[in-house]
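# Structural overview for review
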Amino acid sequence: EPEVTQTPSHQVTQMGQEVILRCVPISNHLYFYWYRQILGQKVEFLVSFYNNEISEKSEIFDDQFSVERPDGSNFTLKIRSTKLEDSAMYFCASSTGLAPEETQYFGPGTRLLVL
Amino acid sequence: AQSVTQLDSQVPVFEEAPVELRCNYSSSVSVYLFWYVQYPNQGLQLLLKYLSGSTLVKGINGFEAEFNKSQTSFHLRKPSVHISDTAEYFCAVSSPVDTGRRALTFGSGTRLQVQP
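These notes cover the structure that comes with them. (Residues numbered from 1 in each chain as written. Chains lettered and ligands numbered in written order. Predicted model: local features only at pLDDT ≥ 70, side-chain atom pairs only at ≥ 80, totals over all residues. Heavy atoms only, no water.)

### Section: the interface of chain A and chain B
Taken together, the contact between chain A and chain B spans 19 residues of the former and 21 residues of the latter. In total, about 1,800 Å² of surface goes out of reach between chain A and chain B, with carbon and sulfur atoms giving 55% of it. A per-residue breakdown of the area chain A buries against chain B is headed by Lys 42, Glu 56 and Phe 106 of chain A, which together make up 28% of the total. Here chain A and chain B share zero salt bridges between them. Seen at the junction of chain A and chain B, the total is eight residue pairs in polar contact (both at pLDDT 80 or more). Elements that contribute at least two residues to the side of chain A that touches chain B include exactly strand S4 (31–37) and strand S5 (43–50) of chain A. With four residues, S4 of chain A is the largest single contributor of residues to the side of chain A that touches chain B. (Contact = heavy atoms within 4.5 Å. Buried area = accessible area lost by both parts, 1.4 Å probe. Salt bridge = Lys/Arg side-chain N within 4 Å of Asp/Glu carboxyl O. Polar contact = N/O pair within 3.5 Å; in protein donor to acceptor, adjacent residues only side chain to side chain. Helix = DSSP H or I, 4+ residues; strand = E, 2+ residues; numbered from the N terminus.)

### With respect to the state of the cysteines
Under the counting rule described, the total for this entry stands at two disulfides over all chains. In this model Cys 23 of chain A forms its disulfide with Cys 92 of chain A; the gap between the sulfur atoms is 2.0 Å. For the disulfide bridge between Cys 23 of chain A and Cys 92 of chain A, the dihedral angle about the S-S bond is near -65°, and by the sign convention the bridge is left-handed. Of this pair, Cys 23 of chain A sits in strand S3 (residues 19–24) while Cys 92 of chain A sits in strand S9 (residues 88–95), and the two are 69 residues apart along the sequence. Here Cys 23 of chain A matches Cys 92 of chain A in class, with each residue buried. The disulfide bridge from Cys 23 of chain B ends at Cys 91 of chain B, spanning 2.0 Å between sulfur atoms. Taking the sign of the torsion about the S-S bond as the criterion, the disulfide between Cys 23 of chain B and Cys 91 of chain B, at about -65°, is left-handed. (Disulfide = S-S within 2.5 Å. Buried < 20%, exposed > 50% of the residue type's maximum accessible area, 1.4 Å probe, protein only.)

### Focus: the pattern of salt bridges
All names here are of chain B. A full pass over the atoms with the stated rule returns seven salt bridges over all chains. In this structure, Glu 20 engages Arg 77 in a salt bridge whose closest nitrogen and oxygen atoms are separated by 2.8 Å. In this pair, Glu 20 sits in strand S3 (residues 19–21) while Arg 77 sits in strand S9 (residues 73–78), placing the two residues 57 residues apart along the sequence. Residue Arg 77 is joined to Glu 66 by a salt bridge in which the shortest nitrogen-to-oxygen separation is 3.6 Å. Highlighted residues: Arg 77 in strand S9 and Glu 66 in strand S8 (residues 64–68), separated in sequence by 11 residues. We classify Arg 77 as partly exposed; its relative accessible area is 27%. Owing to a relative accessible area of 35%, Glu 66 belongs among the partly exposed residues under this scheme.

### Observations regarding the pairing of S3 of chain A
Looking along a regular strand, one sees side chains alternate from face to face of the sheet. Residue and element names in this part refer to chain A. Residue alternation in S3 divides its side chains into a buried set, Val 19, Leu 21 and Cys 23, and an unburied set, Ile 20, Arg 22 and Val 24. With three bridges connecting them, strand S1 (residues 5–7) and S3 associate as antiparallel partners. Counterpart to Gln 6 in the pairing with S3 is Cys 23. Here five bridges tie S3 to strand S8 (residues 75–79), and the two strands are oriented antiparallel to one another. Bridge assignment links Ile 20 to a residue of S8, and that residue is Lys 78. (Pairing = 2+ DSSP bridges.)

Encoded structure:
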């Protein structure tokens, strides 16, 4: 069964450093998403991406964040200058985009720790 | 704006007992409803979803949920749980895709702990 994969599974970085989180969505999916879950808090939507542009973003997704689909398979989330409060589990998801059966399939997550 | 409330942060239950995990939502528009499960050290897996039609939906692993529009609830049930059901369960809502909004809004999760 096809699945969303994410790398790395864990990342430790120093405050102020840039990090890139990588995701490989399911191959025939057209919509891609990033969510995050700060420890002990809810899973929060960050951004959705379709047709090589952002289709929707939350207030969390500020200029510090960017997303890219650099090739036909990868989908990345870049955090330019990490802050302590960026420590969280980051989930990638993808969906076909075919209404109304809109189901998002999630990857296993990348746990980011900013020191 | 949408919001989801999961009333119980933890639910301990004995093996083979029934369980209900509660979820209430708030939205000014019609919604799609989902339950996801997260096993330890794994990602979010879809258990079941309600888009339209029958208010009772069946999912994987013997789970089912009932959409109650008047009570704005989507409670998850299983008649007999197994040790392997121990996990975190998340209720989520989204708007219909014709609104152009696809973001899922999650509840805070309920940790189901099945004891022998």
